[in-house]
Structures are given as C-alpha cells and as structure tokens.
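# Breakdown of the fold
Listed below are the residues making up each chain.
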Number of protein chains: 2
Amino acid sequence: MAKLYVVGFGPGGKEDMTFRAAQAIEAAQVVMGYTTYINMLKDIFPDKNYMSTPMKQEAQRCRMALLEAQKGRDVAMVSSGDSGIYGMAGIILQMAQAMDADVEIQVIPGVTAASAAAAILGAPLMHDFAVISLSDLMTPLDKIMKRVECAAQGDFVICLYNPKSKKRTEYIAMAAQIVAGIQGPDIPAGIVRNAGRPDESHEITTAGQLKDAQIDMFSIVILGNSQTYVKDGKMITPRGYTLDEGIVPDKKD
Amino acid sequence: MAKLYVVGFGPGGKEDMTFRAAQAIEAAQVVMGYTTYINMLKDIFPDKNYMSTPMKQEAQRCRMALLEAQKGRDVAMVSSGDSGIYGMAGIILQMAQAMDADVEIQVIPGVTAASAAAAILGAPLMHDFAVISLSDLMTPLDKIMKRVECAAQGDFVICLYNPKSKKRTEYIAMAAQIVAGIQGPDIPAGIVRNAGRPDESHEITTAGQLKDAQIDMFSIVILGNSQTYVKDGKMITPRGYTLDEGIVPDKKD
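A few points on the structure. Predicted, not measured: the structure shown is a model, and the values here were computed from it.

Reading the values: the criteria
Residues numbered from 1 in each chain as written. Chains lettered and ligands numbered in written order. Predicted model: local features only at pLDDT ≥ 70, side-chain atom pairs only at ≥ 80, totals over all residues. Heavy atoms only, no water. Core = buried A, V, L, I, M, F, W, Y, C linked by side-chain atoms within 4.5 Å. Buried < 20%, exposed > 50% of the residue type's maximum accessible area, 1.4 Å probe, protein only. Contact = heavy atoms within 4.5 Å. Salt bridge = Lys/Arg side-chain N within 4 Å of Asp/Glu carboxyl O. Helix = DSSP H or I, 4+ residues; strand = E, 2+ residues; numbered from the N terminus. Buried area = accessible area lost by both parts, 1.4 Å probe. Polar contact = N/O pair within 3.5 Å; in protein donor to acceptor, adjacent residues only side chain to side chain. Nonpolar A, V, L, I, M, F, W, Y, C, P; charged D, E, K, R; others polar. Pairing = 2+ DSSP bridges. Least-squares fit on C-alpha atoms with pLDDT ≥ 70 in both. Axes fitted to C-alpha atoms, helices over the stretch in contact; angles between N-to-C directions.

## Some thoughts on the nonpolar core
By size, the foremost hydrophobic cluster in this structure holds 54 residues, and its most contacted members are Leu210(A) and Leu210(B). Setting aside its immediate chain neighbours within four residues, Leu210(A) contacts Ile172(A), Ala176(A), Ala189(A), Ile191(A), Thr205(A), Ile215(A), Val221(A) and Leu223(A).

Spelled out as structure tokens, the structure:
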C-alpha cells in the first residue's frame, strides 16, 4: 500500500525541519502542496517530482494526492509549520474517509509558526497561551473576536496567525483593541515577519500601539498576558521561577 | 563569546528533532538539562559531556549553564518538546539578565508535545486552540481552572499539558467536568501517552468519560471543540473546507 505523508516542514529552511520530515520528502515519489510552499522546497530538494495547486484549491489538492497514492506512488503533502496546526492533516483525513481511499496516511508534525516566532522574540510562550487565526475565510468574524475576548479574559498569552491579508487589514487592530480593553494598552505585543526565512524581521510594541506596526500575511503576532514584560529587547512571560531558589509560585500570578 | 543554545529537541527520538537542534547539541562542549531529558539524549549522542540537575533546580541549572558559557565553553541547555513552550528559554533569559552575563543566547524551537500528540490522534488542532498546563506548582489552581472555563466558553480546542502527577490526580477530572458542562459531555477527548517515544500509546474518549482514562505525567490530553468529531479512529476538527468545492464557511461554525 502506498504511503501519504502529511508533512509539516517548519518555518522554511532545512535547519528547522525535522529529520523525519526531510526523510519523507526524500522518500516520496511525488511532493505536493500550495505553490508558495513548493517554491520554498525546490531550493532544498531540487530533484523531486513536484505538483502544486494554488490557494483555495485545498480539496482538489487532497484528491490529487490520494489518487496518486492509490496508483501506488508514495506522496508527501507539504505545509510550512506544523501540518496539524491550520495545515493539511485534517482535510486529507476527511478526504481519505470520503473517498474510502486504501492509502496509509502518516501525519508528520513540524515546528509551528508560534514556536518559531516565540524563539525570535525571546520567551513569550512560557505560560498558557491561545492560538487564533484572524482569517475569516472559514470562520465568522464575530466568532474570531469572541475567542480573542475569551482568551484575554483568561489571561492567556495570545498568538495570532494570519493577522492580516490584502483584503483583511482591520482585524488585527480590532483584536488588539479587545485585548487592550481587558489587559490594558501596555501589554507587550511582538510581531515576527517571515520567521525562519532569509528576510526575517521582528519588532516589539504594545497592544495599544499594535495598529501602527508593520504587519502582513507572513507575520505572526504574539500579545502577552498580565505577567509578560520586555527587557533588553526580549519579550518574556515568566513561569514563576525565582532566580535565587528552586521554584516558588510567582507572587504576581 | 561563547554560545548558549536553548534547545527544544522534540518528543524524544532523533527523527522528530530538527537539524538545527541536532547541530547545536553536536557543537556544544557541554549539554545540560533535567536528568530525564539527558538520559533520552545519551542514546542519540553517546559521546557528549553531559551535566544534569534534578527537577525543581531549574534556576541552579541555568546559573551553571551561564557560568560554563562565561568560561568560554559552548553550552546546549536542552528540554524535550519546544524550549519556548513551558521550557527553559524564559528562565535562561531571566537569569542571564540578572547575572548580566556576557553570553550569546540562541533559542532553538522544536516540535512541541501538542503537535506530536495531535499527529497521533488525527487532526484535532486544525482550528483555534488553547494550551494549558494543569501543574499548580507555579500557578494557583483557581487561575488554571478559570483558563479552562474561558477556553471552553470561546469554543477552543483545549490541549492540556501536565494533566496528572503522583500528587495531582484530580485536576484532569475537574477540567473535564468544566469543559463537559459548557460543551456537553460528548465532546471528544484524546489522550496520548509518551508521544513520539518507544512506549507511545493513545486512546480517544469523551470529556464525560475522561476521568476513567489512563493518564499520567507523560500524557497530553486534547479536548475537542464543538466541531470536533471521531471517525475511523481519528479525531478531527474540521476547518470548514467542503470536499466538493474549494473553500466555503462551515455551516455548523
């Protein structure tokens, strides 16, 4: 039986890919994915048989991948980050079930964008956090903003995926305003653009000032919780360790 | 200037480690960490100079790592999963600032346990999710349970780290009861034990039945949101794709 690997290849470069992800891509007879991701992989694995489809053709791409595997060819369906977080793992499994496909599917996790962005900003995800996509392509806007509100009410660190696109420019300011209203406008906010890619950049601002930051569809935004602070250019959410002794509960917590 | 790499080496085996994590461990003159993690790495990198301290000596371990680096030796401070999610990145940065240490610190992200567990269960994290640790060593219990409640109110998928220890056996049942009260007792719940390690196992149950599941300190629990379903042994949170066309909003969403 042919294999279909659903591979998360991490932020972009080979160095942040897992060995298992690289091995699956190398072993696959067909590597399939969204055009942008395929172009990133061509530099790392130049000699593969690639097939790509544009965005918004996810279902068709999954059907193609399963049909290839049913012909007996091992396929790697690739996404950046983790294949299981806003990636292709779900729709592949759904499509395989709908097609009753006789294919062995293996989900290979990767380093998700939240982890990559956090490492660049310092250590903002040391405590409980919520991950929210601001894309309303598949979720109504009021549900997204309700999640932002619930996350701020719970004093979660909040990691926003898809904070902005060409059409969606105002949602990040709406989300920042909700968080600032609950947690105060001085809550730290970090922005990482193109995490783990050659043109990576980042800045640290506040929830109140986030509307003026440079943010695009390749950015991740991390809003701190009530404990998060910025020092020496690093955004840190302490976990409650004291530096003198072992562990004691953080008094502020 | 010596380097201090804060390395997340993923679930456990070399195959789920990134190339950058492996390179940092190979390059380091000293590899330091919690005893359990060091024992996992000794099988993969047998010839390193290891130093370990037991749990609850995190601050001392960081000071040792920084002192080694100040002597001019490159150090890898290791955690399983992602070093930036409940890992060592935060306390290392805090300690370096407190010591005014002249050391170059690089945080190297890894595959976090949520990603590893999700890949084993199917695709439960395809939509917005919250990550919560049930350890009350550094967070008051009422704050933890408030976060569980806020996450369920926001219809987040909920990923629970540290669901149980020898002393803390009841918190997972409390959390499950809160979620069941808001989302209903039939919400799917997945448990992965020892994700990515040789003795890995998993089961899928419901929020209402979670109190009877086999859960320990090496487990991750993922509670679904209102859309999550189980089919053919896979736990899936659909993202709203339809299988016939491209993308349309999920009608249930």
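Further notes follow.
## Examining the pattern of salt bridges
A complete count under the given rule lists 14 salt bridges over all chains for this structure. A salt bridge links Arg147(B) to Asp128(A); the shortest N-O distance between them is 2.9 Å. Residue Arg147(B) is found in helix α6 (residues 141-153), and its partner Asp128(A) is found in the loop between β6 (122-123) and β7 (129-133); the two belong to separate chains. Assigned by exposure class, Arg147(B) and Asp128(A) land together as buried. Through salt bridges with shared partners, a single ionic network connects Asp128(A), Asp155(A), Lys143(B) and Arg147(B).

## Examining the environment of Pro109(A)
By secondary structure assignment, the location of Pro109(A) is in the loop between β5 (104-108) and α5 (113-121). With 56 residues separating them in the primary sequence, Pro109(A) and Thr53(A) have C-alpha atoms 22 Å apart. Ignoring sequence-local partners within four residues, the contact set of Pro109(A) consists of Gly8(A), Thr18(A), Arg20(A), Asp82(A), Ser83(A), Asp16(B), Val111(B), Ser115(B), Ala116(B) and Ala119(B).

## Quick notes on the interface of chain B and chain A
Listed by partner, the interface residues are 79 residues for chain B and 79 residues for chain A. For the pair chain B and chain A, the summed buried area comes to about 7200 Å², and 60% of that belongs to carbon and sulfur atoms. On the chain B side of the interface with chain A, the three residues burying the most area are Phe19(B), Met138(B) and Leu243(B), jointly 12% of the side's total. At the junction of chain B with chain A, the criterion picks out eight salt bridges. Summed over the shared surface of chain B and chain A, the number is 32 residue pairs in polar contact (both at pLDDT 80 or more). The element contributing the most residues to the side of chain B that touches chain A is helix α4 (residues 89-99) of chain B, with eight residues. Taken together, the residues of the side of chain B that touches chain A sort by class into 37 nonpolar, 21 polar and 21 charged. Bridging between β7(A) and strand β7 (residues 129-133) of chain B involves three bridges; their strand directions are antiparallel. What sits directly across from Ala130(A), in β7(B), is Ala130(B).

## Some remarks on unusual backbone geometry
With glycine set apart, most residues show a phi of negative sign, and most peptide bonds adopt trans. With a phi close to 50°, Asn162(A) is a non-glycine residue in the positive phi region. With respect to the secondary-structure elements, Asn162(A) resides in the loop between β8 (157-161) and α7 (171-183).

## Some thoughts on the relation of the copies chain B and chain A
Rotating chain B by 180° and translating it 0.0 Å along the rotation axis places it on chain A, where the RMSD comes to 0.0 Å. Here the copies are linked by what is in effect a two-fold axis. When the interface residues of chain B are mapped onto chain A, 100% of them again fall at the interface, so both copies present the same face.

## A closer look at the sheet that holds strand β5 (residues 104-108) of chain B
Residues and elements named next belong to chain B. What the five strands build is an open sheet, ordered β3-β2-β4-β1-β5; its pairing is parallel. Looking at which strands have only one partner, the edges of the open sheet turn out to be β3 (50-53) and β5. In this sheet, adjacent strand axes meet at a mean angle of 20° when their direction is disregarded. Relative to strand β4 (residues 75-79), strand β2 (residues 30-34) is paired through three bridges, and the arrangement is parallel. Paired with Met32 across the strands is Met77, a residue of β4. Across the sheet, helix α3 (residues 58-70) touches β1 (3-8), β2, β3, β4 and β5, and the angle it forms with β2 is around 175°.

## Focus: the pairing of strand β9 (residues 188-193) of chain A
All names here are of chain A. Counting buried positions along β9 yields six of six residues, so the element is predominantly enclosed. Here β9 shows a buried face lined by Pro188, Gly190 and Val192 and a second buried face lined by Ala189, Ile191 and Arg193. Bridge analysis of β9 against strand β10 (residues 201-206) gives six bridges, and the strand direction is antiparallel. Within the sheet, the bridge partner assigned to Arg193 lies in β10 and is Ser201. Strand direction decides the pairing type here: β9 and strand β11 (residues 219-223), joined by five bridges, are antiparallel. Directly across from Ile191, in β11, lies its bridge partner Val221.

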